[in-house]
Amino acid sequence: MRSRPFIALRLPEVVHPGETFDVELSLDSASETPIDFVRVTLQHTQTLWSTDRGEVLQARERLLLSDEVAGRGRLGEGVHRYRTSFTLPGDVPPTHLGFVAELRCVVRVVVSIPWWPDAKETRDVAVRPAVGPRPRSEPFTGASARGSGPFLEVSLPDRTLAPGDMLTGAVAFGGLGGRRASTLEVALVGVEKVRAASQYSSSEAHRLTFFRDLSRSHEGQEVPFRIELPGDLTPAFRVEEVSLEYALEAVLEHAGGRVVHRVPVDIGPFAPRAGRDAQRPSVGAARWRAVWARAGERAGLSVRDGANGLELRGVRAGSVVEVARGDERSATGLGATVRFAEPWGLDLQVRPRRALELVGVVTGDPAFDGRFRVRGREDAQVLAALTPALRAALTAFSEVELDDARARVRSAVGAFDESALELFLRQVEALAHAIAAAGAALPPPASMASCLPAWRRFAEESGGSLQVGPMRLTGYLEGARFEVATLFKGAAAFATRVALPLEPAIEGAGGGATAAEALLAALREQVSWFRDAEGSVLSVGPEEIAVRIAAVLDAAAAAREVLQPMLALARALRGERRGGPYR
């Protein structure tokens with residue numbers, strides 16, 4: 001009486017490409033049974049599906065090896081043992097049982113029995129790449145899409161991992177502009193991709209997740225994570241139509257939406273790490289400060305903590321430069337203030353031009369005139385100040401405000417992207433140099449161009465300085481500092497103000513009009529041309545003695561005659577006993 005024998009198989013659970021392995025089988029026959037053959041087959045198949053798994057895109061046999069271990073004959077009652085071996089090709093892909101792709105290797109035994117159902121047995125064999133040396137660790141830091149809005153930073157000790165490793169790292173977030181962070185999800189995601197028959201499909205094959213509530217976390221704080229990788233996790237691979245790729249995916253949920261950042265990682269057949277894991281770089285506040293310190297040092301600026309976080313400050317081309325992030329609750333990106341070494345005194349105003357607004361002063365630069373509204377006391381001075389270099393420096397920024405004393409600029413770029421920060425600092429440096437060059441070449445008001453040599457000469461004689469734009473002079477007489485300033489109505493100069501600051505202030509000097517009347521009498525007595533300046537106004541206070549002369553001084557040295565009585569009055573107010581009209 002013939003019967004189907006019981007088949008027992010012994011073979012390795014895991015085999016590697018290029019490796020030869022043995023297959024042992026035993027046939028336990030309950031009775032004497034005729035057979036045509038006993039065949040052992042090694043088969044590697046590939047099946048590809050559409051994304052919804054509703055259509056088979058491809059089904060093919062990648063490998064078929066077989067060995068007939070017994071021919072036609074009879075199996076006697078009892079146990080019969082056989083042995084064979086197979087060598088896997090070196091390019092055979094690993095086993096992968098995914099949703100849209102299945103790559104499977106099986107050993108199949110067939111005992112062919114004539115005129116009787118055949119005996120069959122099948123066992124899967126896991127194909128895994130051979131374990132190789134682990135590449136040198138390379139710590140990694142990366143951030144989500146650079147810009148001026150919310151962002152994520154990820155730090156890893158290494159992006160090369162093996163099944164069974166512990167994936168560790170840290171995440172930090174920023175740029176929320178006052179919005180509250182809610183949750184963070186960090187996951188190792190494996191995605192299988194299939195391209196066959198002119199169709200493409202993909203599916204998430206693996207997701208290992210770390211979750212964290214961020215309700216008590218703040219911007220710049222490191223959030224560490226750990227994800228254990230299973231020992232049987234399929235390493236990444238790529239063959240003709242199929243690939244399996246891995247990435248670390250960090251998702252930040254916040255009140256204004258979500259930020260997603262993906263970092264490719266390599267899961268490979270690597271040997272266990274020797275010694276300690278590599279140290280990962282810092283992210284968040286520690287990294288941000290280091291980035292700003294490095295960029296600031298290269299730009300000649302010093303890093304410090306300001307009201308809105310990190311700031312850079314220093315002097316470039318004579319101007320005080322301050323760089324900071326946007327305000328936490330409003331603007332974002334990078335902003336800078338460049339404070340002039342000396343005010344220009346042009347009544348200058350450059351700001352963004354509103355829709356349908358008149359241009360103002362026309363520079364002849366279409367790109368500049370299209371963006372900005374320019375005003376100033378005198379068109380010629382304004383045009384001289386807005387040099388091509390200064391216009392080009394200003395248009396490099398997304399937001400600009402410029403006046404006589406400072407330029408405020410902003411760009412919507414990532415505040416902690418080192419390359420973006422360095423570019424912004426180079427643009428600010430160019431702006432500072434353009435401001436210095438424009439300020440040094442400012443012309444005087446057209447009505448006072450002929451007076452410039454005399455004013456410069458008096459500035460040198462008095463050991464002071466001259467601001468050419470507003471024709472304002474600061475100097476020293478008998479050790480006391482004084483100021484001579486031209487006053488304007490529109491573009492026309494109409495008066496001159498001479499001031500003597502009282503340093504230190506004289507308490508009670510402003511009480512009553514007696515001192516001012518005495519000074520006015522002294523000026524009319526001692527300064528002949530002052531008698532003709534009808535409408536001149538005097539003021540005496542604790543901190544300053546000032547005279548507004550109803551005339552424009554063509555020669556600034558004439559102010560010396562006015563200053564002498566003012567100095568004498570200052571001494572009298574202090575109780576000093578010296579010769580003169582106030583003795």
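Residues numbered from 1 in each chain as written. Predicted model: local features only at pLDDT ≥ 70, side-chain atom pairs only at ≥ 80, totals over all residues. Heavy atoms only, no water.

K.L.:
Kindly report on the overall build of the protein chain, identifying the contributing residues and their values.
P.N.:
Summing up its helical and strand segments, the protein chain has 8 helices and 35 strands in all. Against the globule reference of 25 Å for 583 residues, the protein chain gives a C-alpha radius of gyration of 43 Å, more extended than a compact globule. The C-alpha extent of the protein chain, read off along each of the three principal axes, is 150 × 50 × 35 Å. Residues counted as buried form 47% of the 583 residues belonging to the protein chain. Of the contacts made within the protein chain by residues no fewer than 6 positions apart, 64% connect residues no fewer than 24 positions apart. When the accessible surface of the protein chain is summed, it comes to about 27900 Å², and 49% of that surface belongs to carbon and sulfur atoms. (Helix = DSSP H or I, 4+ residues; strand = E, 2+ residues; numbered from the N terminus. Rg over C-alpha atoms; globule rule 2.2 N^0.38 Å. Buried < 20%, exposed > 50% of the residue type's maximum accessible area, 1.4 Å probe, protein only. Contact = heavy atoms within 4.5 Å. Areas by Shrake-Rupley, 256 points an atom, 1.4 Å probe, with all protein chains shown as cover.)

K.L.:
Please set out the pattern of salt bridges residue by residue, giving values where relevant.
P.N.:
Under the criterion given, the structure shown has 36 salt bridges. With its nearest N and O atoms 3.2 Å apart, the salt bridge here joins Arg104 to Asp124. Of this pair, Arg104 sits in strand 10 (residues 101-112) while Asp124 sits in strand 11 (residues 119-127), placing them 20 residues apart in sequence. By relative accessible area, Arg104 is classed as partly exposed at 29%. Residue Asp124 is classed as partly exposed on the basis of its relative accessible area, which comes to 44%. In this structure, the salt-bridge partner of Arg377 is Asp347, at a minimum N-O distance of 3.9 Å. Within this pair, whereas Arg377 is found in the loop between strand 27 (372-375) and helix 3 (379-385), its partner Asp347 is found in the loop between strand 25 (334-339) and strand 26 (349-352), the two being separated by 30 residues in sequence. With relative accessibility at 11%, the residue Arg377 sits in the buried group. One salt-bridge network, in which partners are shared between bridges, spans Glu185, Glu204, Arg207, Glu249 and Arg262. (Salt bridge = Lys/Arg side-chain N within 4 Å of Asp/Glu carboxyl O.)

K.L.:
So what's going on with the side chain of Glu241? Which residues, and what values?
P.N.:
With respect to the element layout, Glu241 can be found in the loop between strand 19 (237-238) and strand 20 (242-254). Discounting residues that sit within four places of it in the chain, Glu241 has contacts with Gln46, Leu48, Gln58, Arg60, Arg62, Lys193, Val194 and Arg195.

K.L.:
Describe the sheet that holds strand 18 (residues 223-228), naming the residues involved and giving the relevant values.
P.N.:
Within the open sheet, the 4 strands sit side by side as 12-13-15-18. Their pairing is antiparallel. The open sheet is flanked by strand 12 (140-143) and strand 18, the only strands paired with a single partner. Pairs of neighbouring strands in the sheet enclose a mean axial angle of 20°, with direction left out of account. Both strand 15 (residues 166-174) and strand 18 contribute to a ladder of 6 bridges, which runs antiparallel. Within the sheet, the bridge partner assigned to Met166 lies in strand 18 and is Glu228. Packed on one face of the sheet, helix 1 (residues 285-299) meets strand 12, strand 13 (151-156) and strand 15 and runs near 95° to strand 13. (Pairing = 2+ DSSP bridges. Axes fitted to C-alpha atoms, helices over the stretch in contact; angles between N-to-C directions.)

K.L.:
Describe in detail the packing of aromatic side chains, supporting the description with residues and values.
P.N.:
Taken as a whole and assessed by the stated rule, the structure comprises 10 aromatic pairs. On the numbers, 6.4 Å between centres and 50° between planes, the contact of Trp292 with Phe416 is tilted. Taken together, the residues span a long stretch of sequence, with Trp292 in helix 1 and Phe416 in the loop between strand 29 (406-411) and helix 5 (418-440) at a distance of 124 residues. Across the pair, exposure class does not vary: Trp292 and Phe416 are buried alike. Aromatic pair Phe397 and Phe424: ring centres 5.6 Å apart, planes at 80°, arrangement edge-to-face. You can see Phe397 sitting in the loop between helix 4 (388-395) and strand 28 (399-403) and its partner Phe424 sitting in helix 5, a full 27 residues away along the chain. (Phe/Tyr/Trp six-rings, centres within 6.5 Å; stacked < 30°, edge-to-face > 60°.)

K.L.:
So what about the nonpolar core? Which residues, and what values?
P.N.:
Trp292, Val323, Trp344, Leu390, Leu402 and Leu431 are the most contacted members of the largest nonpolar core, which totals 46 residues. The biggest single contributor to this core is helix 5, with 9 residues. If we ignore the near neighbours within four places in the chain, the residues touching Leu390 are Trp344, Ala385, Leu402, Leu431, Ala434, Ile435 and Ala438. In terms of nonpolar packing, the next biggest core, distinct from the first, is built from 42 residues, Ala480, Val540, Ala559 and Leu563 among them. (Core = buried A, V, L, I, M, F, W, Y, C linked by side-chain atoms within 4.5 Å.)

K.L.:
Lay out the packing of helix 4 against helix 5 in plain terms, naming residues and giving numbers.
P.N.:
Put simply, helix 4 and helix 5 touch, their axes get as near as 9 Å, and they point 150° apart. Here helix 4 is positioned roughly antiparallel relative to helix 5, judged by the angle of their axes. As helix 4 runs across helix 5, the sense of the crossing is left-handed. Contacts from Ala389, Leu390, Ala393 and Leu394 in helix 4 reach Ala430, Leu431, Ala434, Ile435 and Ala438 in helix 5. A breakdown of the residues in the contact of helix 4 with helix 5 according to their chemical character gives 9 nonpolar, no polar and no charged. (Parallel < 35°, antiparallel > 145°, perpendicular 65-115°, else oblique. Left-handed = near helix turned anticlockwise from the far one by under 90°. Nonpolar A, V, L, I, M, F, W, Y, C, P; charged D, E, K, R; others polar.)

K.L.:
Could you give me a rundown of the sheet that holds strand 3 (residues 20-29), with the residues and numbers involved?
P.N.:
Spatially, 3 strands are ordered 1-3-8 in an open sheet, and the strand pairing comes out antiparallel. A single partner strand is all that each edge strand has here, and the edge strands are strand 1 (6-10) and strand 8 (78-87). Taken pair by pair, the neighbouring strands of this sheet meet at an average axis angle of 20°, ignoring direction. With 10 bridges joining them, strand 3 and strand 8 adopt antiparallel strand pairing. If you follow Ser26 over to strand 8, its bridge partner there is Arg81.

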